[in-house]
Amino acid sequence: MNSTECKRCGTCCKKGGPSFHIEDRALLEDGFISAKYLYTIREGEPVRDNISERIVYAPSDIIKIKGQKNGWTCFFYDETEKRCAVYEYRPLECKLLKCRDTRDIERIFGKKLLTRKDIISTVEGLWDLVIEHDQRCSYKKIRKLIDESGKTKKGDLSGKVAELIEYDKIIRELVVKKGQLDSELLDFLFGRPLSATMNRR
Ligand code: SF4
């Protein structure tokens, strides 16, 4: 075994699942990985850049695999067997990542990322809802409200942020109750709940 070969220690799988790239689209379209195991970091959402190790704002959708028990370990990592449950169908980043030589993954990092539009823009009705949700409570809008609340005494801007958090909560409840959508798809369709992401700030 050479020094860059994978020793299956599982460290990279425990540091968070991969981001999906355009090359991974077929994994979803062909049903090898279901969207219910994914979540979306929405455009403008604060996110940790693992290369620079700084907090940056997501430039577009970033679709990722959910963690186990809300932790960082990739949902598909089998701790007991120390193996990937979808190894044959693992995303591009997993194929390229060698923890002792990160040059391959650095080459594609943040480039040609898969977005929700690439996957569900043809699903009439559902895509309209996703767009409406993004327009009503984009992270850009929320950040602007928070920035302005420090500069102006006009109105209750923190109340406006609270309204958006409430809207985000209600739309999720509605699509599950009335639209009979699988609740496990919510974090993929609408990103993580604002009630959770705003509390991290
Ligand atoms: S998909 Fe497989 S290889 Fe990739 S992080 Fe998850 S468990 Fe590891």
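Residues numbered from 1 in each chain as written. Predicted model: local features only at pLDDT ≥ 70, side-chain atom pairs only at ≥ 80, totals over all residues. Heavy atoms only, no water.

*Asks:* Residue-level account of the overall build of the protein chain, with values.
*Replies:* Looking only at helices and strands, the protein chain features 10 helices and six strands. Computed over the C-alpha atoms, the radius of gyration of the protein chain is 18 Å, within 12% of the 17 Å expected from 2.2 N^0.38 for a compact globule of 201 residues. Once the C-alpha set of the protein chain is aligned to its principal axes, its extents read approximately 65 × 40 × 30 Å. Buried residues in the protein chain amount to 37% of all 201 residues. When contacts within the protein chain are restricted to residue pairs at least 6 apart in sequence, long-range pairs at least 24 apart make up 65% of them. (Helix = DSSP H or I, 4+ residues; strand = E, 2+ residues; numbered from the N terminus. Rg over C-alpha atoms; globule rule 2.2 N^0.38 Å. Buried < 20%, exposed > 50% of the residue type's maximum accessible area, 1.4 Å probe, protein only. Contact = heavy atoms within 4.5 Å.)

*Asks:* Quick rundown of the site of the ligand? Include the residues and the values.
*Replies:* As a matter of local geometry, the ligand sits amid Cys-13, Pro-18, Ile-65, Cys-74, Phe-76, Tyr-77, Cys-84, Pro-91 and Cys-94. Partitioning the shell around the ligand into residue classes produces nine nonpolar, no polar and no charged. (Near = heavy atom within 4 Å. Nonpolar A, V, L, I, M, F, W, Y, C, P; charged D, E, K, R; others polar.)

*Asks:* Please set out the packing of aromatic side chains residue by residue, giving values where relevant.
*Replies:* Taken as a whole and judged by the stated rule, the model has four aromatic pairs. Plain terms: the ring middles of Phe-32 and Tyr-89 are 3.9 Å apart, the flat faces sit at 10° to each other, and that makes the pair stacked. Here the residue Phe-32 occupies a position in the loop between α2 (25–29) and β1 (38–41), and Tyr-89 occupies one in the loop between β6 (83–84) and α3 (92–96), the gap between them amounting to 57 residues. Aromatic pair Tyr-37 and Phe-75: ring centres 4.8 Å apart, planes at 25°, arrangement stacked. Placement of the pair is Tyr-37 in the loop between α2 and β1 and Phe-75 in the loop between β4 (62–65) and β5 (77–78), with a sequence separation of 38 residues. Taken together, Tyr-37, Phe-75 and Phe-76 form an aromatic cluster joined through their ring pairs. The lysine or arginine in question, Arg-136, covers the ring of Tyr-167, its NZ or CZ lying 4.0 Å from the ring centre. The positively charged end of Arg-143 is found above the aromatic ring belonging to Tyr-57, 3.7 Å away from the centroid. (Phe/Tyr/Trp six-rings, centres within 6.5 Å; stacked < 30°, edge-to-face > 60°. Lys NZ or Arg CZ within 6 Å of the ring centre and 35° of its normal.)

*Asks:* Provide a residue-level description of the nonpolar core, including the pertinent values.
*Replies:* In summary, soluble globular proteins display a tendency toward joint burial of nonpolar side chains. One finds Phe-20, Leu-38, Phe-188 and Leu-189 to be the most contacted residues of the largest nonpolar core, which totals 35 residues. Only α2, β4, α5 (116–120), α6 (126–136), α7 (139–149), α8 (157–177) and α9 (186–189) provide two or more residues apiece to this core. In terms of residues, this core owes the most to one element, α8, which gives five residues. A domain split of this core shows at least three residues from each of domain 1 (11–116) and domain 2 (121–200). Ignoring any residue separated from it by four or fewer positions in sequence, one finds Phe-20 in contact with Leu-28, Ile-33, Leu-38, Ile-63, Lys-64, Ile-65, Pro-91, Leu-113 and Leu-114. Grouped together as the second largest cluster of nonpolar side chains are six residues, Tyr-39, Val-47, Ala-58 and Ile-62 included. (Core = buried A, V, L, I, M, F, W, Y, C linked by side-chain atoms within 4.5 Å. Domains from an automatic or database assignment.)

*Asks:* Could you give an account of the pattern of salt bridges, naming the residues involved and the relevant values?
*Replies:* Pairing of side chains with opposite charge becomes possible as their charged atoms draw close. Applying the stated rule across the entire model yields 16 salt bridges. As a salt-bridge pair, Asp-61 and Arg-116 come within 2.8 Å of each other at their nearest N and O atoms. Of this pair, Asp-61 sits in the loop between β3 (54–57) and β4 while Arg-116 sits in helix α5; the two residues are 55 residues apart in sequence, bridging distant segments of the chain. Glu-148 serves as the salt-bridge partner of Lys-144, at 3.5 Å between the closest nitrogen and oxygen. Taken together, the positions of Lys-144 and Glu-148, both in helix α7 and four residues apart, correspond to about one turn of that helix. On the basis of relative accessible area, Lys-144 is assigned to the exposed category, the value being 52%. For Glu-148, a relative accessible area of 30% gives the class partly exposed. Residues joined in a network through salt bridges with shared partners are Arg-42, Asp-61, Arg-116 and Asp-134. (Salt bridge = Lys/Arg side-chain N within 4 Å of Asp/Glu carboxyl O.)

*Asks:* Just give me the short version of unusual backbone geometry, but keep the residues and values in it.
*Replies:* Its identity is not glycine, yet Lys-82 carries a phi of approximately 50°, on the positive side. Mapped onto the secondary structure, Lys-82 falls in the loop between β5 and β6. Its relative accessible area of 36% is what places Lys-82 among the partly exposed residues. Phi is positive for Gln-180, close to 55°, though the residue is something other than glycine. For Gln-180, a relative accessible area of 70% corresponds to the exposed category.

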